[in-house]
Amino acid sequence: MATLEVSDYQKDGAIDIEEPSSTIVDSNSTNNGDLRHRRLRWATQRRPNNGRQHRYSQRLKRLSILPKHRHSSSGALERVASGTDRFATSTNEPTGEGDANSQPHRRVYVNLPLPVSDLDENGSPLTQYPRNKTRSAKYTPLTFIPKNLYLQFNNIANIYFLFIVILSAFSIFGVQDAGLSAVPVIVIVTLTAIKDAIEDYRRTVLDLELNNSPTQILANWVNNNVSEDNVSLWRRIKKASTRVSIRFVRFLKRNVGTKSQRRKVRAKQRAHRRAEQSMEDDDDELSDIELEHTATFSAIQADMGKNQPQSFPLQELQRLSHELPKGANPFDDGEQQPVPDYRKPSIDYTHGTILDHIRPVPGTAKFKKDFWKNVRVGDFVRIKNDDQIPADIVILSTSDSDGACYVETKNLDGETNLKVKQALRCGQGIRHSRDCERAAFIIESEAPHPNLYSYSGVIRWSQRDPERPEVPPQEMAEPISINNLLLRGCSLRNTEWVIGVVMFTGHETKIMLNAGETPTKRSRIARELNINVLYNFVLLFIICMIVGVIEGLRWRKSGNTIQWFEFGSIGGTPALDGLVTFFTAVIMFQSLVPIALFITLEIIKTIQALFIWSDVNMYYEPIDQPCIPKSWNISDDLGQIEYIFSDKTGTLTQNIMELKKVTVNGVSYGEAYTEAMAGIQKRQGLNVEEESAKANEHIAETKAQMIEDLKSIHDNPYMNTDKITFIASDYVADMMGESGDEQADATNNFMLALALCHSVLPEHVSNEPPEIQFKAQSPDEAALVATARDMGFTLVDRTQRGVVLNIQGQVQEYQVLTTLEFNSTRKRMTAIVRMPDDGRIMLFCKGADSIIYSRLKANEQHELKEATAEHLEQFANEGLRTLCIAQRELSEEEYNLWSKQYDDAAAALVDREDKVEIAADRIERELVLLGGTAIEDRLQDGVPDAISLMGQAGIKLWVLTGDKVETAINIGFSCNILDTSMELIVIQLPQDSTLADAESKLMEYMDKYFHLKGTVEELAQAKKDHRPPPPTHAVIIDGESLKLMLDETLRTRFLLMCKQCRSVLCCRVSPAQKAAVVKMVKNGLDVMTLAIGDGANDVAMILAADVGVGIAGEEGRQAVMSSDYAIGQFCYLTRLILVHGRWSYRRLGETIANFFYKNLIFTLSLFWYQIFNDFDCSYLFDYTYILLYSLAFTSLPIIFLGVFDQDVSDKISLAVPELYQRGMLRLEWTQKKFWIYMFDGAYQSVVCFFFTYALFASGGFATSSGNQLNTRLIMGVFVATSAVAIANSYVLLNQYRWDYLSLIISVVSSLLIFFWTGIYTTTEYSAEFHGAAPEAYGSLIFWLTVLLTIITAMLPQFLKKSVQKLYMPSDIDIIREQVVTGAFDYLQDIPDETFLHASTTMQPKEKSQQRNTGSNGSDSVTATSEGIFNNNGKRNSF
């Protein structure tokens, strides 16, 4: 074992520590030299994208609290409180997507009065902070009616209908009943409002649950940062309206429904009242003794029944600190170089506490339960284990003695692994509410911004010596970073309690800044419908203008019949007569802009939403989750999606890591059949089902033998045979010595390394049988430790000194001296451990293979290195995530020397991260390779097939994830996003890259791969091209590079390059960047987009997309709250889009076109009649015909078309996903289609009217009784009957689904006019229309005329359909013919659930074979930190 010479530390590489001579108060350092078990908090920080010197000098500038000239320490507290000590605001450090520097910085005073400059004339704070009450709903009970009416009347059609109602109120325009004409408008507005209210009610309920979640706030204490809650009149009105609305809803629930339902509601309401009353109870139950004895996580595991090791007491740490000479650094080796004056901080950074033990306090403050909505900036809050964080909070103290706490951020970024946060050093003494009263300090913070990985602030206080109160206090400060901040939406885990101060509330919290406002979404067809409504407005204006002008001219001309038959001019002058006639015509021809269309569309979309909700094939039983449409009015947008933006963790994957294979000492172990392997075999044309069955059978046999051998070694009580993922009976045999002592030692030592090198916390969840859950920062770590447990190396406890292992029945404690945690820069983790048997110091290191290989001993282990590299490459080709494991033995002397240097680096104020990294790099050298691991991140069921189906449909999938590049690439191959034949364009620019560097690299790639220049003309051409790009290229880009590419100068060219690629993976991106990418594609290419995610970090892109889908899984509900559709798993997205989306879009496109058509027939028939009536706006029909034409006679067939019509079944829609491309090309609703249908309507109106006119032009005819059939209303019966029959026949001819129900609805609707005429004309209310039915229907000429009219009107349409389907068939026509010939009969034998998980089985045999021969699967690709390589070693382009 090679050792590191002492001289190595004394050469030129000695770490340059630049800091003041006094002790640094830092939450990331430790002030006790004997406390060897250290965790490296800096490892979780994200490094900004700028130069080192500039970054740290700017950070130091922000922490330079006082002016350069030192003031006297007397009256320090008063000077701090008076605001003379300002927080420097001249910083240029970027803060991510949001520019915090554009807003004023924040100062929070705790137990200190605000300076006069921060108060108004009434003594109230000038700064008003937002409430912690948040709302994702669009409406409140008070604003619902005005806001909803405003949004509805943004629709130009609704404004027109309102105008018609107003006109109808004036009798001069000839409307018989103005109230009756207002009914359609009232109905549509009411129905739409009810729909919107139901949609928003769900969001409101979730908002109420969130805002009324319980937390603990310090009560009976004055928060000077906010004024007393003097509720304004407006807020009182809003509160009153909310209370009234809630009481009304509760009243309905109590009194409406069955008895059992009412009993359940009343029981819930009683429980809610009891919960509200319990909020008033004092919850300050943790006593001082309990708080002082709560320490590390291991110390609170009382249920384990073991004597827990004592944590290192905080008092001892303080005692050691006070024993040092004033201003001395306990880790100082006396060799520090002086710090330049301009870089010296102006404050003495000695160890201190914000507690002022001299300060008198009333002692009345208590932590009490309260609601989230009542949390305010500056409040003390106490959070208990498993509670969610109500706001962005600065951590003052935790139950852990070293100030650590663990949070789960799955509601923020979708990750279930735990993150470590650190309390401020100065706040560790706060354990009780009385301590909160004694604390006096100021927090100076940057302004709120959306960057989740960045925060900068400082806490300042005046330190007093309780033993010498007469000594003037000393001003002190401690920096605050993102590691000291708990973010709203996270959950506290494995920590008994945390006490902190609220920094940001409500919409200023990071999670809300990334969420954005809930937009009001309208479907694309609804937006484009305004254009067609405008066309009809123009047509209506032309018709009304013709009528008005001609009528005015007729009155102006003398000597005509109008002088004899009219009772006089209404207007008095020809001009006024023409104007009155114009508005009368507007009322008469109002159906040109059909109000019934909008009512019909609301009905259709509501029923479609019901169908989506009730689809059992999208029901996820494990969590009782159907597909829930939360926005009912955008179902047609689902049929036009061209780009899908998806999160990875929790959306594509289950975020469940399983160790599948290992390589130890050059030997590969493990049996596994991965999803990536199945994908490779599928591309090779093999039968995946047969191959998987064989593999699983072999794995089951191996597993049984392995379990038997493990039990022969030791009956491990912690092993759960059902959860074993690493299946390798030969590994167990080698552990027993079957391959010799050397391999036995190697295999046992390998498992020991897995059990020691981690930061996992064990949690005992059961004693009988004993069960341990592992809480880890990374699920990879949990998988490694779980495998070590199954092999007999069980982690049973983590103590202050180290970890306790149960090694095949023997319990041993290993002292962990130092832990260097993993981060994206290091790509490795190290644990330095003292072995209990012989006292040796062993270093265990795990990390990326390229990182570990570069740190191995040179000129040694050549064969082992080569064999291990081959195995790791094989594992990666199977879609597994690989790590290397290495070790090194350290001597006592070299460890002590390194530890001293490392402590100094960790305590440095300037360039601390760089110095710690240098120190860690020194010790992680000369390693000895042990082997490697291969972990599978399991995909959700059906994800590869779902992505394959959407790819066949022409949909482009972009993955936006927070994972590193290598991980995203491997997952991309596993789920069919990437293919082995693709050229991967990986963009990873250095951190200090500029826009010029990014532009140069972008232009290089565009010219090299696609021969593009990035011109405006090329982008315009790309917008017109909706074809899916060939599967030849894919772009992979990290977050730092994406930030540059999203700049306005590069955005268009970057989008143009991505447009040429089949897949795009954006890695390490923030929520705001996700939304920016969605907007870039949506606006830049004018395409329909869909975003899908499961965590709060996905909310921004869900709101930015045209359609947002939330996965209601295990990752919280924030994404679901903001989504338009909520589903249980990603695979259901295929059915939602390819089936329901395609159906909805096609149905609505056909419905709208047919609606305009049928209204035009009726309206133009009236217009043709005006030609022969001097355009005086006389009605050809009885007025009831006008009302019932759209309401009853022609409504049901078109509603049936919009609700039930199917061109092909759901199974065929999934079997032939290419049918979806008509929606992407927007072919179901076009302006051309609109004008074709309008032309048909105009032609058929001519036939309807003039065939009847030709009959009546000669004077009419008589019945058998001698009655003359030549009245206006009798003529109207002829025209109206023909128009109704033609319209219903036309709709029937345009729909694909002809069954008994559709035929019955069409026939019955056509017969309704006969039924109505027969009934109505027998009543006295029909007036001059009385008796028209028997007169008209009793005449043979009526039936002949109607029959001839229908045939003549429908014949061109029938011929056109026949020619098109015979000689110019569309894709759907061909597929329907194949259905008739039996080409898809095999689908009837496939269960419905299979359609979600097996795409190839749904294809016709010849088509499936053609696809499978497209790639032989011989090429394999491995993603590593060094690059992307195929199986022949060729490196793909970067």
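Residues numbered from 1 in each chain as written. Predicted model: local features only at pLDDT ≥ 70, side-chain atom pairs only at ≥ 80, totals over all residues. Heavy atoms only, no water.

## Points about the nonpolar core
For soluble globular proteins, the rule of thumb is that nonpolar side chains tend to be buried together.
Logical step 1: Among the nonpolar cores identified, the biggest contains 97 residues, and Leu529, Phe589, Tyr1185 and Trp1229 are the most heavily contacted of them.
Logical step 2: In terms of residue count, the dominant contributor to this core is helix α36 (residues 1132-1171) (15 residues).
Logical step 3: Sequence-distant contacts of Leu529, that is, excluding residues within four places in its chain, are made with Leu597, Phe598, Leu601, Ile1152, Phe1156 and Trp1229. (Core = buried A, V, L, I, M, F, W, Y, C linked by side-chain atoms within 4.5 Å. Buried < 20%, exposed > 50% of the residue type's maximum accessible area, 1.4 Å probe, protein only. Helix = DSSP H or I, 4+ residues; strand = E, 2+ residues; numbered from the N terminus. Contact = heavy atoms within 4.5 Å.)

## Digging into the sheet that holds strand β13 (residues 491-493)
Logical step 1: Strands sit in the order β8-β7-β13 across an open sheet of three strands; the sheet is antiparallel. Of all strands in the sheet, those bounded by a partner on one side alone are β8 (418-422) and β13. Within this sheet the neighbouring strands show an average axis-to-axis angle of 45 degrees, counted without direction.
Logical step 2: Bridge analysis of strand β7 (residues 404-408) against β8 gives five bridges, and the strand direction is antiparallel. Along β8, the bridge assignment pairs Glu408 with Leu418. (Pairing = 2+ DSSP bridges. Axes fitted to C-alpha atoms, helices over the stretch in contact; angles between N-to-C directions.)

## Structural notes on the sheet that holds strand β14 (residues 497-504)
Logical step 1: Reading across the sheet, the six strands line up as β4-β3-β5-β14-β6-β12 and stay open at both edges, with antiparallel pairing between neighbours. Single-partner strands in this sheet number two, and they are β4 (366-371) and β12 (485-486).
Logical step 2: Of the strand pairs in this sheet, strand β3 (residues 214-219) and β4 are connected by six bridges, and their pairing is antiparallel. Directly across from Pro214, in β4, lies its bridge partner Phe371.

## Considerations on the packing of aromatic side chains
Logical step 1: Applying the stated criterion across every chain yields a total of 50 aromatic pairs.
Logical step 2: Taken together, a centroid distance of 6.4 Å and an interplanar angle of 65 degrees make the contact between Tyr620 and Tyr1132 edge-to-face. Of the two residues, Tyr620 is situated in the loop between α17 (595-613) and β15 (628-629) and Tyr1132 in helix α36; the sequence distance between them amounts to 512 residues. The pair Tyr620 / Tyr1132 is uniform in exposure class, with both members buried. (Phe/Tyr/Trp six-rings, centres within 6.5 Å; stacked < 30°, edge-to-face > 60°.)

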